[in-house]
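# Descriptive structure summary
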Amino acid sequence: MSAEHEPRRGSWYLLTGLLIGLALGLLVAWVLAPVEYVDTAPASLRPDFKDQYRSMIASAYVVTGDLGRAQSRLSLLGDVDPVQTLTLQAQNALAAGDPDDSAYALAHMADALKQSPNEASLSPIPELIPSITQSPAGSANLTPTRRPAAALTLIYSPTPRPTRTPTPTVGAAFVLVSQEPVCDVNLSEGLLQVEIQDAARQPIPGVEIIISWEDGEEHIFTGLKPELGNGYADFVMKPNVGYSVQLASGSQFVTNLSAPFCQTDSGDSYFGGIRLLFQQP
Amino acid sequence: MSRWIKFFIVIALGLAAGLVYGWVINPVEYTNTTPVTLRADYRSDYVLMVAEVFHADQNVDQAARRLGILGSEPPAKIAAQSLDYARQANFPASDLALLQSLTAALQTWQPASGGALP
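Note that the structure is predicted; figures quoted are calculated from it, not measured.

### Here we look at the environment of Ala 95 of chain A
All names here are of chain A. Summarising the element assignment, Ala 95 is placed in helix α4 (residues 82-95). C-beta crowding within 10 Å serves as the criterion here: with 11 such atoms nearby, Ala 95 is assigned to the exposed category. As a C-alpha pair, Ala 95 and Leu 224 span 129 residues in sequence and 9.5 Å in three-dimensional space.

The following block contains the structure:
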């Protein structure tokens, strides 16, 4: 080997050594001793765990009626629009058959937040800005630089609890307080609109309504169209078919419902709808 | 300096660069974490929520299932740890009572009674 080849070979073995070292470093950092996060906040949870956490917040709210505490807890999840997130999760739960009985709690809390004057102040918490301290064991402590302490102060401070939000009386049967035909060309023909309210005249989401007719039955739920109200549900009736309506949780049985005949201003006839209002006594 | 010494020096430099990149610049993602990694105060607040619901429905099976997302330890131990934390953090007496009630119920609860853990 000639002497003029020596400098070039020197450069290559240095580069090779650098690459070997880099590979070893990444092997250690990513495989052998990756950063392990401890002390994380609810905002960093995986979406399905966030859903479970949110369900738990709503379930606790339903039994305690403490909206302030529920709001503090909800803010820890960092949802951009907590009301919409709760409503969507309630709808998803209903669509999935509500396996963990969380739909009512979620929708009820969304409804309470909508009516709460503090709802606007339920701002999402800022992004976590982690500062990582590497420990000798190869794990790292994630120290979020934001304000969980303030949020938790709200949770744990022994302030008097607010008045409980009225919740439907368990077992109290709903009664039909109004039934009226609706002639509106802007609505679907044969639209059966059902609205459910509690004793305080507040809409109740997640209520199951059983609609039956001669050869069929359909179950619908309130709150799936929150833009029309959390206590609202609807169903399209076929012309000349008699329907019966009852709430699954207990109500009077409303029978002989059928789409009424209506007329436009020009004299054309069409099928109108019916609006039912159920309330708890 | 001999070639071998230079070789090991650049390996060490590469190793350091790899560690900095893997631990600091682009570490393992910490989004999508599990409740197991929650900080003690958040864990305790989650357990408190379970205790609040348990106080109302007295469903110990459901409470145990709900605590299951906090780790593979027995639910009674998870509740007891949260109770200890709550005492240290001076939770209100009403919250301590709820946690005590849940812990006591879980200590006598048997998964075989129908409450299979997730």
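### As for the interface of chain A and chain B
When the parts of a complex come together, some accessible area is lost, and that lost area is often taken as the interface size. Tallying the contact residues gives 45 residues for chain A and 41 residues for chain B. Those elements giving two or more residues to the side of chain A that touches chain B turn out to be α1 (6-32), α2 (47-64), β1 (130-134) and α6 (148-156) of chain A. Ranked by the residues each element gives to the side of chain A that touches chain B, the list is headed by α1 of chain A, at 16 residues. Split into classes, the residues belonging to the side of chain A that touches chain B amount to 32 nonpolar, ten polar and three charged.

### Observations regarding the packing of α2 of chain A against helix α5 (residues 103-115) of chain A
The description of two packed helices rests on the angle between their axes and on the distance between the axes. Residues and elements named next belong to chain A. As a packed pair, α2 and α5 sit with axes 8 Å apart at the nearest point and diverge in direction by 75 degrees. With respect to each other, α2 and α5 are oriented roughly perpendicular. In contact with Ser 55, Ala 58, Ser 59, Tyr 61 and Val 62 of α2, α5 contributes Ala 105, Leu 106, His 108 and Met 109. Residue classes in the contact of α2 with α5 are distributed as six nonpolar, three polar and no charged.

### Overview of the sheet that holds strand β4 (residues 191-197) of chain A
Residues and elements named next belong to chain A. Taken together, four strands build an open sheet; the order of strands is β3-β12-β4-β7 and the sheet is mixed. Each edge of the open sheet carries a strand with a single partner, namely β3 (175-182) and β7 (232-236). Mean inter-strand twist for the sheet, computed between neighbouring axes without regard to direction, equals 15 degrees. In this structure, β4 lies alongside β7, joined through five bridges in antiparallel fashion. Its bridge partner lying in β7, Leu 192 is registered against Phe 235.

### Points about the sheet that holds strand β9 (residues 254-257) of chain A
All names here are of chain A. Sheet architecture is open: four strands sit in the order β6-β5-β8-β9, paired in antiparallel fashion. What marks the edges here is a single partner per strand, and that holds for β6 (216-221) and β9. Adjacent strand axes in the sheet meet at a mean angle of 20 degrees when their direction is disregarded. Sheet topology note: the strand β8 (residues 243-247)/β9 ladder contains two bridges and is antiparallel. Residue pairing across strands places Tyr 243 opposite Leu 257, the latter belonging to β9.

### Quick look at the nonpolar core
Counting residues in each nonpolar core, the largest one holds 71 residues, and the members touching the most others are Leu 106 and Met 109 of chain A together with Val 50 and Leu 102 of chain B. Those residues within four positions of Val 50 of chain B in sequence are excluded, and the remaining contacts are Met 56 of chain A together with Ala 63, Arg 66, Leu 67 and Leu 102 of chain B. Listed in part, the nine residues of the second largest apolar core include Leu 26 and Ala 29 of chain A together with Leu 15 and Leu 19 of chain B.

### A few points about the confidence of the model for chain A
Residue and element names in this part refer to chain A. The predicted model of chain A averages 76 in pLDDT, with 76% of residues at 70 or higher. By mean pLDDT, β1 is the weakest element of chain A at 34, and α2 is the strongest at 94. A low-confidence stretch, residues 120-171 stays under pLDDT 50, and its non-local contacts, those more than four residues away or across chains, total 78 contacts.

### Focus: the packing of helix α4 (residues 75-88) of chain B against helix α5 (residues 93-107) of chain B
All names here are of chain B. Where α4 meets α5, the axes come as close as 8 Å, and the angle between the chain directions of the two elements is 160 degrees. With respect to their mutual orientation, α4 and α5 come out roughly antiparallel. As for the relative orientation of α4 and α5, their crossing is left-handed in sense. Seen from α4, the contacting residues are Pro 75, Ala 76, Ala 79, Ala 80, Ser 82, Leu 83, Ala 86 and Arg 87; seen from α5, they are Asp 95, Leu 96, Leu 99, Gln 100, Leu 102, Thr 103, Leu 106 and Gln 107. Tallied by class, residues from the contact of α4 with α5 come to ten nonpolar, four polar and two charged.

### A short note on the confidence of the model for chain B
Do not read the fine detail of predicted coordinates wherever pLDDT is low. When pLDDT is averaged along chain B, the result is 87, and 91% of the positions lie at 70 or above. Here residues 113-118 of chain B is modelled with pLDDT under 50, and outside its nearest four sequence neighbours on either side it reaches 13 contacts, counting other chains as well.

### A closer look at α5 of chain A
Think of an α-helix as turning once every 3.6 residues; residues three or four places apart then point the same way. Residues and elements named next belong to chain A. Between its first and last C-alpha atoms α5 spans 18 Å; for 13 residues at 1.5 Å apiece the expected length is 18 Å, and the two agree. Along α5, eleven of the 13 residues are buried, which leaves the element largely enclosed by surrounding structure. Turning to α5, its buried residues are Ala 103, Tyr 104, Ala 105, Leu 106, Ala 107, His 108, Met 109, Ala 110, Asp 111, Ala 112 and Leu 113. Looking at the buried positions of α5, the neighbouring elements they touch are α2, α3 (67-75) and α4.

### Considerations on unusual backbone geometry
In this structure, Asn 240 of chain A takes a positive phi of about 60 degrees despite not being glycine. You can see Asn 240 of chain A is positioned in the loop between β7 and β8. Judged by the 9 C-beta atoms lying within 10 Å of it, Asn 240 of chain A is exposed. Phi is positive for Asn 90 of chain B, which is not a glycine, with a value near 55 degrees. Here Asn 90 of chain B shows up in the loop between α4 and α5. By C-beta crowding, Asn 90 of chain B is classed as exposed, having 10 other C-beta atoms within 10 Å.

The rules behind each value
Residues numbered from 1 in each chain as written. Chains lettered and ligands numbered in written order. Predicted model: local features only at pLDDT ≥ 70, side-chain atom pairs only at ≥ 80, totals over all residues. Helix = DSSP H or I, 4+ residues; strand = E, 2+ residues; numbered from the N terminus. Buried ≥ 20, exposed ≤ 12 C-beta atoms within 10 Å, placed from the backbone. Contact = placed C-beta atoms within 7 Å. Nonpolar A, V, L, I, M, F, W, Y, C, P; charged D, E, K, R; others polar. Axes fitted to C-alpha atoms, helices over the stretch in contact; angles between N-to-C directions. Parallel < 35°, antiparallel > 145°, perpendicular 65-115°, else oblique. Pairing = 2+ DSSP bridges. Core = buried A, V, L, I, M, F, W, Y, C linked by C-beta atoms within 7 Å. pLDDT = per-residue confidence, 0-100. Left-handed = near helix turned anticlockwise from the far one by under 90°. Expected span 1.5 Å × (residues − 1).

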